[in-house]
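# Observations on the model geometry
The chain contents come next:
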Amino acid sequence: MKRSALSFFCFLFFIILSGLHAQNGDEVTWKMAVRRWTGNVYESLSFRGPIQMRQEDAFQIDFEPEHDCYCYMLKEDSNGKISILSKSRATANVKLVFPSSEEDFEIQSPSGTERFFVIISAHAQTSLDKVLKSISGDGKADASSMSKVKDEILRIRQSLSGVATEAEKPAAMGGVTRGNTSREATQFEGRSVYVKTITIKY
């Protein structure tokens, strides 16, 4: 009887451990940095709140996952128009640079606000993929499509309200794009889905 009870508890422990492993297997750990070009170096900026920039400032957004995942990045310009920068699978430990390693986003007049919506997910976001198909081939969305995209991003964000809070900490990110580059980045972990908004004011 004692041996049977011991076997049962060992089996139960194995099931619980297997379940935790499967759950942890869905978690995505990743890093992100917003870097402004200062003329000879990329300077890392905090994106916890709105980032203040000036006309003709240039910057990049760097992303590096520790696990294979899906990376969605959308840009909303000062006129409220949305364009797709990424909606693809990202490979573990491979750094992605937006708009590219040889190019920058550049602040142009007049003054305004731009937003970058970043959705990182262990699995493809099928509902988001569906609404993104309504965006035309040039990457621009009409008013109706933009509303649907924003609603879907909000839905994903709200679905995370009951999920455990993600861990966030400073980290270093490798790779050099042009000149000297600050290695400072922010690392996120503890979830399978993340929604981040980078706000640029100028």
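These notes cover the structure that comes with them. (Residues numbered from 1 in each chain as written. Predicted model: local features only at pLDDT ≥ 70, side-chain atom pairs only at ≥ 80, totals over all residues. Heavy atoms only, no water.)

## A few points about the layout of surface pockets
- Empty space within the largest pocket amounts to approximately 340 Å³.
- As for the largest pocket, its lining consists of 17 residues, of which Ser-46, Phe-47, Arg-48, Glu-168 and Thr-186 are closest to the centre.
- Secondary structure elements with two or more residues in the lining of the largest pocket: strand S1 (28–37), strand S2 (41–45), strand S10 (167–172), strand S12 (184–191) and strand S13 (193–201).
- In terms of residues, the lining of the largest pocket owes the most to one element, S12, which gives 4 residues. (1 Å grid on protein atoms, 1.4 Å probe; cavity = no way out; pocket = protein on both sides within 12 Å on 5 of 7 lines; lining within 4 Å. Points joined across faces, edges and corners; volume = space filled by probe spheres on them. Helix = DSSP H or I, 4+ residues; strand = E, 2+ residues; numbered from the N terminus.)

## Thoughts on the packing of aromatic side chains
- As enumerated under the stated definition, the model contains 9 aromatic pairs in all.
- A centroid spacing of 4.7 Å and a plane angle of 55° characterise the contact between Trp-37 and Tyr-42, whose relative ring orientation is tilted. Pair check on accessibility: Trp-37 and Tyr-42 agree, each one buried.
- Measuring from centroid to centroid gives 6.4 Å for Phe-47 and Phe-188, while their planes differ by 45°, and the two rings are tilted. Pair noted here: Phe-47 is in the loop between S2 and strand S3 (51–52) and Phe-188 is in strand S12, with a separation of 141 residues, a long-range link.
- Exposure remark for Phe-188: the relative accessible area of 1% places this residue in the buried category.
- Connected via pairs of aromatic rings, a cluster forms that spans Trp-30, Phe-47, Phe-63, Phe-188 and Tyr-194. (Phe/Tyr/Trp six-rings, centres within 6.5 Å; stacked < 30°, edge-to-face > 60°. Buried < 20%, exposed > 50% of the residue type's maximum accessible area, 1.4 Å probe, protein only.)

## What to know about helix H3 (residues 143–159)
- Between its first and last C-alpha atoms H3 spans 24 Å; for 17 residues at 1.5 Å apiece the expected length is 24 Å, and the two agree.
- Along H3, the positions that sit buried rather than exposed are Ser-145, Met-146, Val-149, Glu-152, Ile-153 and Ile-156. End-on, the buried residues of H3 take up no more than an arc of 125°, which puts them together on one face. Counted as exposed and oriented over 90 degrees from the buried face of H3: Ala-143 and Gln-158.
- Buried-residue contacts for H3 involve strand S5 (69–76), strand S6 (82–90), strand S9 (113–121), helix H2 (126–132) and S13. (Expected span 1.5 Å × (residues − 1). Arc of directions from axis to C-beta. Contact = heavy atoms within 4.5 Å.)

In short, geometric facts, not functional conclusions.
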